[in-house]
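Per-entry structural report
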Amino acid sequence: MMDYNTAIEYTHSLLRFGSRPGLERIKALLCALKDPQKKLSAVHIAGTNGKGSVCACLSKIFERKGLKTGLFISPYIVDFRERMQINSKFISKVDYAEAASEVKEAAESLDESLHPTEFEFVTAAALLWFSKMNCDVVVLETGLGGRLDSTNIFENPLCTVITSISTDHTAVLGDTIEKIAIEKCGIIKKDCPVVTCDGQPPKAMAVIETTAKNLGAPLKVVKKEDINLLFDTAFGIDLIYKGINIHQPLAGSFQAENTCLAVEAAKTAFPDISDDVISKGIERVRHPARFEVMSKSPLIILDGAHNDGGAKALSQSLENYLPGQRLFGICGMLKDKEYEKALSHLAPLFDEIITVTPKNSRALAAEELAECLKGKVKKVYPSAVDSGLVKRAVEAANGRPIVIFGSLYLAGEIYKYFS
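Okay, so let's go over this structure. (Residues numbered from 1 in each chain as written. Predicted model: local features only at pLDDT ≥ 70, side-chain atom pairs only at ≥ 80, totals over all residues. Heavy atoms only, no water.)

Concerning the overall build of the chain
Condition: The helix count covers DSSP runs of H or I at least four residues long, the strand count covers runs of E at least two residues long, and both are numbered beginning at the N terminus. We compute the radius of gyration from the C-alpha atoms alone; for a globule the expected value is 2.2 Å times N to the 0.38, where N is the number of residues. Each residue gets one of three labels from its accessible area relative to the maximum for its type: buried under 20%, exposed over 50%, partly exposed in between, using a 1.4 Å probe on protein chains only. Here, residues are in contact when the closest pair of their heavy atoms is within 4.5 Å. Calculation of accessible area relied on Shrake-Rupley with a 1.4 Å probe; when residues are assessed, cover is drawn exclusively from the protein chains displayed.
A count of helical and extended segments in the chain gives 15 helices and 17 strands. For 419 residues, the compact-globule estimate of 2.2 N^0.38 gives 22 Å, and the chain sits close to it at 21 Å. With respect to the three principal axes, the spread of C-alpha positions in the chain is 60 × 50 × 40 Å. Expressed as a percentage of its 419 residues, the buried residues of the chain come to 59%. Taking as baseline every contact in the chain between residues at least 6 positions apart, the subset at least 24 positions apart corresponds to 74%. Surface exposure of the chain reaches about 17200 Å², of which carbon and sulfur atoms provide 50%.

So, the pattern of salt bridges
The criterion, for reference: We count a salt bridge whenever a side-chain nitrogen from Lys or Arg sits within 4 Å of a carboxyl oxygen from Asp or Glu.
A complete count under the given rule lists 23 salt bridges for this structure. For Glu120, the salt bridge goes to Arg25, with nearest N and O atoms at 3.0 Å. Of this pair, Glu120 sits in helix 5 (residues 118-132) while Arg25 sits in helix 2 (residues 24-32), and the two are 95 residues apart along the sequence. For the pair formed by Glu120 and Arg25, the shared burial category is buried. A salt bridge links Asp386 to Arg392; its shortest N-O distance comes to 3.1 Å. Through salt bridges with shared partners, a single ionic network connects Glu98, Glu102 and Lys132.

As for the nonpolar core
It is characteristic of soluble globular proteins that their nonpolar side chains tend to be buried jointly. Heads up, the condition is: By nonpolar core we mean a set of buried residues, namely Ala, Val, Leu, Ile, Met, Phe, Trp, Tyr and Cys, connected to one another through side-chain atoms within 4.5 Å.
The biggest cluster of nonpolar side chains holds 69 residues, and the ones touching the most others in it are Leu58, Phe62, Leu318, Phe350 and Phe405. The leading source of residues in this core is helix 9 (residues 255-269), at eight residues. Beyond its immediate stretch of four places on either side in the chain, Leu318 contacts Phe291, Ile301, Pro323, Leu327, Leu346, Leu349, Phe350 and Val403. Counting residues in hydrophobic clusters, the runner-up holds 42 residues, among them Tyr4, Ala100, Ala107 and Phe121.

A closer look at the sheet that holds strand 9 (residues 227-233)
Put simply, the rule is: The criterion for strand pairing is that DSSP finds at least two bridges linking the strands in question. The convention used is that axes are lines fitted to C-alpha atoms, helices contributing only their stretch in contact, and that angles between N-to-C directions extend from 0 to 180 degrees.
Within the open sheet, the three strands sit side by side as 9-10-11. Their pairing is antiparallel. The sheet is open, and its two edges are formed by strand 9 and strand 11 (244-248), each paired on a single side. In this sheet, neighbouring strand axes are inclined to one another by 15° on average, regardless of whether the strands run parallel or antiparallel. Sheet analysis places strand 10 (residues 236-241) next to strand 11, joined by five bridges and oriented antiparallel. Counted as the bridge partner of Ile237 is Gln248 from strand 11.

Quick word on the packing of aromatic side chains
Inclusion rule: Think of it this way: a Phe, Tyr or Trp ring, Trp meaning its six-membered ring, pairs with another when their centres are within 6.5 Å, and the plane angle makes it stacked under 30 degrees, edge-to-face over 60, tilted otherwise. Look at NZ for Lys and CZ for Arg. If either is within 6 Å of the ring centre and within 35 degrees of the ring normal, a charge sits over the ring.
With the rule as written, the count across this model stands at nine aromatic pairs. Aromatic pair Trp129 and Phe130: ring centres 5.6 Å apart, planes at 35°, arrangement tilted. Considered together, Trp129 and Phe130 belong to a single accessibility category, that of buried residues. A cation over a ring is seen here: Lys104 above Tyr10, with NZ or CZ 5.2 Å from the ring centre. Residue placement shows Lys296 over the ring face of Phe235; its charged tip is 4.8 Å from the ring centre.

Given below as structure tokens:
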């Protein structure tokens, strides 16, 4: 059996296979592992923005109900083991080494054409672990799209959730909202309930409705008129949804929609769940790098806004919580994201931005990002991501609020300097 460090090195070595959408490899791999997913009940979440927040809410609700709850998310922020959790506890190093060793052996038994990508390997390891640990329910976030994503191997999920859809990964998923929606709706299964929100773009909603109707999947829609947002601050929101009083620690008015998606999904998956369990579960939610206040004085906010929808949401939150204030930014992006669209929403709020290169092979160089921002903000310049970055930003900001935004890989690096 591999030890943990060897298992991680082997896992990351599979990056050489890149991203190859399709279910043939993951199905073959899981079959070689005796189909652990068939022993699990799942709630499956796809969408462009809000997936992580909905997953975080659902896992806490199910834990509060007393269910042994598995959670599979991506990407991780600080520790690789964040990707697979049971009742909010990361997989142990010993357990990951054991699961990875078993998956590696299964992969090596397959034809070379079926060799898994890194994401497929990690998905299989998570499902194997959840099965061995006898989880009552598993909450899964899709990695990319939905239809051909390696998480899309549950034939009869308790329910599926389609969060807000906007443009992202257009090279893989398609260049229109309809095409992207078709990919996301690939997780909807015959006769299995699906939950979404009425804030979807009309063309995306049409795809969701048609897909659900064709598959006989009962469609539940969270309606804005049912959400009564009471308080909206940088430290969380309070709302009433269908008679349930909820405090959501995650900031941003857009979190009201995500929260209610989780409420409907929880009630769909487990109709006997109580309103008290739901509210008490959600009030314990924490989701890193989603309008997260890292420091109150000076005010430093960290947000993984890296696409069009995420940038719109962050822009609205900043205008809401810091009206009229000019901001200081630290930004790093990946070159395969629609970073120009994201920056079009955010750049007008900033006087000054430091650009950095996230630690990822797909990173956009800090110098190139700086060129993209020239003329959009008063001052922009590239810098290294090191232990002095935040200190330099605080000094340069001179009292202005600091917003660190962009790739979640950047967020992971930044966390090290706040520990």
